[in-house]
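Structural characterization, general
Chain by chain, the residues run as shown.
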Amino acid sequence: MESRVSGIYMNELFAWLYDNTPMYVSREDVGFFVDEAVASGGPVLELGCGTGRVLLPVARANIEVTGLDCAEPMVARLEEKLAREPEEVQGRVRIARADMRDFDLGRQFRLVMIPFRPFQHLITVDEQMACLGCIRRHLSPNGRLVFDCFHPDLRKLTDPAGFEEAEEFSGHKLPDGRLLRRTHRFAARHVAEQYNDVEIIHHLTDAEGRTERVVQAFPFRYCFRYEVEHLLARCGFRLVELFGNFDRSPFADESPQMIFIAERAAAGE
Ligand SMILES: C[S@@+](CC[C@H](N)C(=O)[O-])C[C@H]1O[C@@H](n2cnc3c(N)ncnc32)[C@H](O)[C@@H]1O
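Residues numbered from 1 in each chain as written. Predicted model: local features only at pLDDT ≥ 70, side-chain atom pairs only at ≥ 80, totals over all residues.

Attention now goes to the overall build of the protein chain. Helix and strand counts for the protein chain stand at ten helices and eleven strands. Within the protein chain, the fraction of its 269 residues that count as buried is 30%. (Helix = DSSP H or I, 4+ residues; strand = E, 2+ residues; numbered from the N terminus. Buried ≥ 20, exposed ≤ 12 C-beta atoms within 10 Å, placed from the backbone.)

As structure tokens, this is what we get:
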């Protein structure tokens, strides 16, 4: 299968920026996923674990966790961070360099989680189904699947202003002293296939005032609520809960997130 992550995470600069982007560092989902991991009792499999933003807090909470990711620069940063953890935390972590559309770890997990939307990097239904099939084979009989997608805002999906660069933040001081400003835009919309070509644009200004523009370009799928419910059913899952945010509020019109909690359906269900 062709890999679409190459433009996004297969780059040391982007992996470093990932760990230094304020809205990622302060994203309010970590407690939610740690609570799910603790409630499961482990072992946990995190797909698209990246640099360990969620995985490390799960391991610190005394839960055995395997992180799977296909982007070497992200996994390398995770390994560096893990090496600085106490030995008992390190002992609870396994890392798998693999593609979430095609993996076989030869064991089962009480919880499979996919925090911060890696599932939306899967563009086609075939890719989504391949991933869900792998997950189902890796879930123990009472195991749970937990993942989040953004709740598509129909206004934003069609607004022509979306092609213009919009500022997310500016003046953020990076550890190397440079200042980071970040903007984003849609480069193209593919409404029939339900994905956008997204550009995240980093404007890096050094002490001499020189600004470098670094563009992270990638296709990103959007999913609708009932589409995911049908997809889960088609792939042998039963939806147990749908939240609209990480405070576990019910999914509603203005919810920013769609957080799906599913279980393996019994055969024939
Ligand atoms: C937005 S990051 C999320 C990282 C982490 N879960 C977190 O919450 O910080 C998305 C991650 O998904 C990974 N990813 C994307 N497509 C993937 C695939 N097909 N197989 C494995 N990992 C993938 C990327 O390499 C990246 O590390």
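Segmentation of the protein chain into domains returns domain 1 (6–151 + 224–264) and domain 2 (154–221). For domain 1 and domain 2, the distance between their C-alpha centroids amounts to 24 Å. The partner domain 2 presents 13 residues to the ten residues of domain 1 that form the contact. Those elements giving two or more residues to the side of domain 1 that touches domain 2 turn out to be helix 1 (6–9) and helix 2 (12–18). Broken down by element, the residue count for the side of domain 1 that touches domain 2 peaks at three residues, all from helix 2. Taken together, the residues of the side of domain 1 that touches domain 2 sort by class into seven nonpolar, three polar and no charged. (Domains from an automatic or database assignment. Contact = placed C-beta atoms within 7 Å. Nonpolar A, V, L, I, M, F, W, Y, C, P; charged D, E, K, R; others polar.)

This part covers the pairing of strand 2 (residues 65–69). With respect to burial, strand 2 is a largely interior element, five of its five residues being buried. Burial of strand 2 is two-sided: the residues Val65, Gly67 and Asp69 facing one way and the residues Thr66 and Leu68 facing the other way are all buried. Two elements, strand 1 (residues 44–47) and strand 2, share four bridges in a ladder whose sense is parallel. Bridge assignment links Glu46 to a residue of strand 2, and that residue is Gly67. As for the winding sense of the linkage, the β-α-β connection from strand 1 through helix 5 (residues 55–60) to strand 2 is right-handed. (Pairing = 2+ DSSP bridges. Right-handed = clockwise from strand over helix to strand, strands pointing away.)

A word on the environment of Val89. Relative to the assigned elements, Val89 resides in helix 7 (residues 87–90). Taking the C-alpha atoms as reference points, Val89 and Val65, 24 residues apart in sequence, are found 9.9 Å from one another. With residues near it in sequence (within four places) discarded, Val89 still touches Ala59 and Arg60.

Looking now at the nonpolar core. With 50 residues, the main nonpolar core has Val44, Leu55, Val58, Val65, Val112, Met113 and Leu145 as its most contacted residues. When sequence neighbours within four positions are dropped, the list of residues in contact with Val58 reads Phe33, Val34, Ala37, Val44, Ile63 and Val65. (Core = buried A, V, L, I, M, F, W, Y, C linked by C-beta atoms within 7 Å.)

This next bit is on the sheet that holds strand 4 (residues 109–114). Read from one edge of the open sheet, seven strands run 3-2-1-4-5-11-10, paired in mixed fashion. A single partner strand is all that each edge strand has here, and the edge strands are strand 3 (93–97) and strand 10 (237–243). In this sheet, adjacent strand axes meet at a mean angle of 20° when their direction is disregarded. Examined bridge by bridge, strand 5 (residues 139–150) and strand 11 (residues 257–264) share seven bridges and lie antiparallel to one another. Residue pairing in the sheet places Val146 in a bridge with Ile261 of strand 11. Sheet strands in contact with helix 4 (residues 30–40) are strand 1, strand 2, strand 4 and strand 5, and its direction is about 170° off that of strand 4. (Axes fitted to C-alpha atoms, helices over the stretch in contact; angles between N-to-C directions.)

A few words on the site of the ligand. In the vicinity of the ligand there are 19 residues, among which Gly48, Gly50, Ala71, Phe116 and Pro118 approach most closely. Considered class by class, the residues forming the shell around the ligand number eleven nonpolar, three polar and five charged. (Near = placed C-beta within 6 Å.)

A separate point is the sheet that holds strand 6 (residues 166–173). Judged by pairing direction, the sheet is antiparallel, and its four strands sit side by side in the order 6-7-8-9 without closing on themselves. Edge positions in the open sheet fall to strand 6 and strand 9 (211–221), since each of these has one partner strand only. Pairs of neighbouring strands in the sheet enclose a mean axial angle of 20°, with direction left out of account. As judged from the eleven bridges shared by strand 7 (residues 179–190) and strand 8 (residues 195–205), these two strands associate in the antiparallel manner. By the bridge assignment, Leu179 is partnered in strand 8 with Thr205.

Residue position: Leu111 is located in strand 4. Through-space distance from the C-alpha of Leu111 to that of Tyr195 is 28 Å; in sequence the pair is 84 residues apart. The residues touching Leu111, leaving out its near neighbours within four places in the chain, are Glu36, Ala37, Ser40, Val44, Gly143, Arg144 and Val146.

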